[in-house]
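What follows is each chain in one-letter form.
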Amino acid sequence: MSMTQATMAHQKFTIQPMTPFIGAEILNLDLAQYNEDLIAEIRDALLTYKVVFFRDQKLTRAQHIDFARQFGPLEIHPATPKGQADPEVLRIKHGPDSRGSENMWHSDVTWRQCPSLGSILRAIELPPVGGDTLFANMVLAYDRLSDAMKEKIDGLTAVHDIARVFAKRLKKTPEELHDLYPPMEHPVVRTHPETKQRALYVNAAFTSHIKDMAADESAALLKELYLTAWNPEVQCRFRWEVGSMAFWDNRASQHFAASDYFPQVRAMERVTIAGDQPYFDPAA
C-alpha cells in the first residue's frame, strides 16, 4: 500500500504527501506549541513517510533542542566545535570558502555502535536557488530487489568507518579516530525496530566493505546496492525556505544534500536523536 492510501488519522495537523512512497509536509502547525499528543502523531507520521517537513517555523536554538528531545535522548557529533554553548546542535555551513560535501547518498553516523534514530534539520540561511535535500526510501529500495538478491544479502554484515569521511574534515589520522570510534559492524539489511520493515543499511559515505567477502566481490555488490537510492521513484526532493525543518528516520532512509549553490551561503542547524543498535530479524 502506498502512503497516499494510508488510513492513519492525524487530528493535530494536515498532512500532504510529497510522493506516493516517501516524504510529507505537515501543515498548519507551530512546533513551539507541542504537547504529548502532537509528538505522538508526528512520530506516527515519521514512521509512515520516512521524512516529514515543516514550514514557517520560528524556533530558537533552545526550542529546536527541546522539540527534538521529545523523541529521545540527543547525541553530540564529534564535528561539533569544543566549547560550543549548545553541543547538541551541529551547524553545517558552506559558502565561498567551503563547498558543500554532503552530496552523496548516506545515512548518518552509521559508524556508531548505535546510529541515530533520526535528525531534525533547520534552515538558517539559504542561497537564492539550489541547496535542496533529497531523501530515499531504503525500505522500498530493498523491496524492489530481486528475490535472488534479497536471499544473497539477508544476513550479511558490513563494516562502517568514520575515517572515510571525517579523517580529513577533523584533520585526524584514521588511527586517531578509531581510538574513539572503532569501525562498526552492522547488518546489510536492517530490521526497523518499530515498523519491523526491512531496509538496506549500507551507504557510500561510511560503509567500507562487506565482512567475510572478497574485496572485489564486496566492492561490486556494494556499488550495486548503493545505486538503489539513485532511483527517482524511491525519492522525494525538498526545496528549503528559511524557517523550514526536516525530520528524517535515519533507520529507513538516506539523504543527499545537493551542492549546486557554490559560492552562495547555505547554513543549517541539525539536532540528532540517539538510536539503537541495528539488527536483522529473519522472522520479521
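Residues numbered from 1 in each chain as written. Predicted model: local features only at pLDDT ≥ 70, side-chain atom pairs only at ≥ 80, totals over all residues. Heavy atoms only, no water.

> Got a sec to walk through the overall build of the chain? Specific residues and values, please.
On a plain count of helices and strands, the chain comes out with seven helices and 16 strands. By the compact-globule yardstick of 19 Å for 284 residues, the chain fits well, its C-alpha radius of gyration being 18 Å. The C-alpha extent of the chain, read off along each of the three principal axes, is 50 × 45 × 35 Å. Every one of the 284 residues in the chain was classed for burial, and the buried ones make up 52%. In the chain, of all internal contacts separated by at least 6 residues, the share reaching a separation of at least 24 is 82%. Accessible surface, the chain as shown: approximately 13,000 Å² in total, 50% of it carbon and sulfur. A gap of 4 Å separates the mean positions of the 31 positive and 37 negative side-chain charges of the chain. (Helix = DSSP H or I, 4+ residues; strand = E, 2+ residues; numbered from the N terminus. Rg over C-alpha atoms; globule rule 2.2 N^0.38 Å. Buried < 20%, exposed > 50% of the residue type's maximum accessible area, 1.4 Å probe, protein only. Contact = heavy atoms within 4.5 Å. Areas by Shrake-Rupley, 256 points an atom, 1.4 Å probe, with all protein chains shown as cover. Lys, Arg positive; Asp, Glu negative; His and termini not counted. Charge placed at Lys NZ, Arg CZ, Asp CG, Glu CD.)

> Before we move on, could you go through the environment of P183 and cite the residues and values that matter?
Of note, P183 is situated in the loop between α6 (174-180) and β9 (184-187). Between the alpha carbons of P183 and A214 there is a distance of 18 Å; along the sequence they are 31 residues apart. Contacts of P183, omitting those with residues within four sequence positions, involve V159, H160, D161 and H178.

> Can you lay out the sheet that holds strand β7 (residues 133-137) for me, pointing to particular residues and giving the numbers?
Strands sit in the order β13-β7-β15 across an open sheet of three strands; the sheet is antiparallel. The sheet terminates laterally at β13 (235-238) and β15 (253-257), the two strands that pair on one side only. For this sheet, the mean inter-axis angle between neighbouring strands, taken without regard to orientation, is 20°. Pairing analysis gives four bridges linking β7 to β13, with the strands arranged antiparallel. Bridge assignment links T133 to a residue of β13, and that residue is F238. (Pairing = 2+ DSSP bridges. Axes fitted to C-alpha atoms, helices over the stretch in contact; angles between N-to-C directions.)

> Account for the side chain of T19, with residues named and values stated.
Locating T19 in the fold gives a position in the loop between β1 (14-17) and β2 (24-27). Among the residues examined, T19 registers a relative accessible area of 19% and is labelled buried. Among the polar contacts listed, one links the side chain of T19 to the backbone oxygen of I22, at a separation of 2.8 Å. (Polar contact = N/O pair within 3.5 Å; in protein donor to acceptor, adjacent residues only side chain to side chain.)

> Talk me through the sheet that holds strand β8 (residues 157-160); I want residue IDs and the actual numbers.
Taken in spatial order, the three strands make up an open sheet running β9-β8-β12, and their pairing is antiparallel. Strands at the two margins of the open sheet, each flanked by one partner only, are β9 and β12 (207-210). If you compare each strand with its neighbour and ignore which way they point, the axes differ by 35° on average. Note: β8 against β12, three bridges, orientation antiparallel. Each residue of the ladder has a partner; that of A158, found in β12, is I210.

> Could you give me a rundown of the environment of V234, with the residues and numbers involved?
One can find V234 in the loop between α7 (215-226) and β13. Sequence spacing of V234 and M138 is 96 residues, and the spatial spacing of their C-alpha atoms is 7.7 Å.

> A description of the packing of aromatic side chains should follow, citing residues and the corresponding values.
According to the stated counting rule, one finds 14 aromatic pairs in the structure shown. Pairing F67 with F71 gives two aromatic rings, centres 5.4 Å apart and planes at 80°, and the pair type is edge-to-face. Each of the two residues, F67 as well as F71, counts as buried. Ring plane angle 50° and centroid distance 5.6 Å describe the contact between W105 and F256, whose orientation is recorded as tilted. Linking W105 in the loop between β5 (89-94) and β6 (118-125) with F256 in strand β15, this pair joins segments that are 151 residues apart in sequence. Note on accessibility: W105 and F256 belong to one class, buried. Here the aromatic residues Y34, F54, F67, F71 and F247 are joined through ring pairs into a cluster of three or more. Over the ring of F262 we find R99; its NZ or CZ atom is 4.0 Å from the centre of that ring. (Phe/Tyr/Trp six-rings, centres within 6.5 Å; stacked < 30°, edge-to-face > 60°. Lys NZ or Arg CZ within 6 Å of the ring centre and 35° of its normal.)

Bear in mind that shape data such as this cannot, by itself, settle questions of function.
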